[in-house]
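# Close look at the chain arrangement
In case you want the letters, here they are:
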Amino acid sequence: MSYVRLKVHHLNCACIQRLTIHGQQLACHVLLIETPSSGLVLVDTGLGTADYANMPSRLGYMFAYGYANPRRDPKLAAIEQIKAMGYQPSDVKHIVLTHMDLDHVGGLSDFPAAKVHLHATELKAAMERRTFKARHRYMPAMWAHGPDFQPYAVEGERWLGFEAVRELAGLPPEILLIPLFGHTLGHCGVAVQGEDGWLLHAGDAYFDPREVKGPVRKCALKVGLFQFAVTTNRRMRFYNQDRLRSLTADHPEVKLFSAHNPFEFPDGLQPAAPYIPRTAPAGSFA
Ligand SMILES: [Zn+2]
């Protein structure tokens, strides 16, 4: 095992105003990782430039104006935050996806030359869009630019109680893909050995930290109902939440966080933003 510790930046790339937990808007937690020889690596992208430019056409009316209603703030796009840090967008050579839901891949088109790593099962589900649910969560416009996808099959090694954990092509061994199926068919977590130890980005494996942290599973009503609606395999989701609960008990040194929980950023609660209601133009739903 290598002893390189990677510099990791935590970005919030969307404020989901109408989905709240304990009164706070959901975030889109994205990682930007500095690597010694693989350039910059993103874990998920959140919403991107094109999404902020035209939310209804990219995200659908219900997400743009209905149950999610993201804050219209283009500066939240990962590309804008990366430029503000002094990097070029072309410095992002790799993107690792937890899954292909629209709120995780909207920024792919801002980094068209990056290699995109993900589980093969997830790529297949997103390309086929077989079910009603799949057709509303996977948006082909977000990969119309033809990303350089690098899919991985279910094989790998054990890592802290998880199976089929694997390193990724062209990336350092301090970045691992961890199958956490349930939210979607090929949903994964991404572990990174950062400067202060291992981080585990659990994607949408849970929304409320009490689902996986603490002795008894609990979940706030609103995000609980949302998860009920969007989960693909409930049995697998609960199985993986049990494994994450064991991880937090047995390995408290691993910093576990989910994609949307605003309380799990290292600098404290994000985002601290006022609610800005948006309503659809007249006739939008006609
Ligand atoms: Zn999500």
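See the structure above.
Remember, it's a predicted structure, so these values are computed and weren't measured experimentally. (Residues numbered from 1 in each chain as written. Predicted model: local features only at pLDDT ≥ 70, side-chain atom pairs only at ≥ 80, totals over all residues. Heavy atoms only, no water.)

### Some thoughts on the overall build of the protein
Counting secondary structure elements, the protein contains nine helices and 12 strands. Taken over the C-alpha trace, the protein has a radius of gyration of 18 Å; the compact-globule value for 286 residues is 19 Å, and the two agree within 12%. Expressed along its principal axes, the backbone C-alpha trace of the protein runs to roughly 60 × 45 × 40 Å. A buried classification covers 55% of the 286 residues belonging to the protein. Pairs at least 24 residues apart make up 64% of the contacts formed inside the protein by residues separated by at least 6 positions. With an accessible surface of roughly 12100 Å², the protein has 57% of that area assigned to carbon and sulfur atoms. Side chains of the protein give 30 positive and 27 negative charges; the mean places of these two sets differ by 8 Å. (Helix = DSSP H or I, 4+ residues; strand = E, 2+ residues; numbered from the N terminus. Rg over C-alpha atoms; globule rule 2.2 N^0.38 Å. Buried < 20%, exposed > 50% of the residue type's maximum accessible area, 1.4 Å probe, protein only. Contact = heavy atoms within 4.5 Å. Areas by Shrake-Rupley, 256 points an atom, 1.4 Å probe, with all protein chains shown as cover. Lys, Arg positive; Asp, Glu negative; His and termini not counted. Charge placed at Lys NZ, Arg CZ, Asp CG, Glu CD.)

### Details of the coordination of the zinc ion
Looking at the zinc ion, one finds its protein donor set to be D103 (OD), H104 (NE2), D204 (OD) and H260 (NE2), positioned 2.0 to 2.5 Å from the metal centre. Around the zinc ion, the four donor atoms are arranged such that angles at the metal cover 80 to 161 degrees; this shape is classified as irregular. All donors to the zinc ion come from one chain, and their sequence spacing reads D-H-x99-D-x55-H. One end of the pair, D103, is in helix α5 (residues 102-105); the other, H260, is in the segment after β12 (255-257), and 157 residues separate them in sequence. (Donors = N, O, S within 2.8 Å, 3.2 Å for Na, K, Ca; no water. Tetrahedral: all angles 85-135°; square planar, octahedral: opposite > 155°, others 65-115°.)

### Digging into the nonpolar core
In terms of nonpolar packing, the biggest core is built from 51 residues, with I95, M100 and F111 touching the most fellow members. In contact with M100, other than residues within four places in its own chain, are V105, L118, E122, L123, A126, M127, R137, Y138, W143 and F149. I33, V192, M236 and F257 belong to the second-largest nonpolar core, a separate cluster that totals 19 residues. (Core = buried A, V, L, I, M, F, W, Y, C linked by side-chain atoms within 4.5 Å.)

### What to know about the sheet that holds strand β11 (residues 197-201)
Across the sheet, which stays open at both edges, the six strands sit in the order β7-β8-β9-β10-β11-β12 with mixed pairing between neighbours. At either margin of the open sheet sits one strand with a lone partner, and together these are β7 (157-159) and β12. Between one strand axis and the next, the sheet turns by 35 degrees as a mean value, whatever way the strands run. Pairing between strand β8 (residues 162-167) and strand β9 (residues 175-179): two bridges, direction antiparallel. Each residue of the ladder has a partner; that of R166, found in β9, is L177. Those strands touched by helix α9 (residues 234-250) are β8, β9, β11 and β12, and its axis lies near 80 degrees from that of β8. (Pairing = 2+ DSSP bridges. Axes fitted to C-alpha atoms, helices over the stretch in contact; angles between N-to-C directions.)

### Some words on the environment of G214
Among the secondary structure elements, G214 is positioned in the loop between β11 and α8 (221-230). Counting along the chain gives 31 residues from G214 to R245, while the straight-line C-alpha distance between them is 7.1 Å.

### Focus on α8
Quick reminder: α-helices carry 3.6 residues per turn. Residues three or four places apart thus point the same way. Turning to α8, its buried residues number three or more, namely V223, F226, Q227 and V230. Burial along α8 is one-sided: seen end-on, the buried residues are contained in an arc of 100 degrees. Among the exposed residues of α8, those oriented more than 90 degrees off its buried face are L221, L225 and F228. Taken together, the buried residues of α8 touch β1 (7-21), β2 (24-34), α7 (132-137) and α9. (Arc of directions from axis to C-beta.)

Nothing here speaks to function; it is all geometry.
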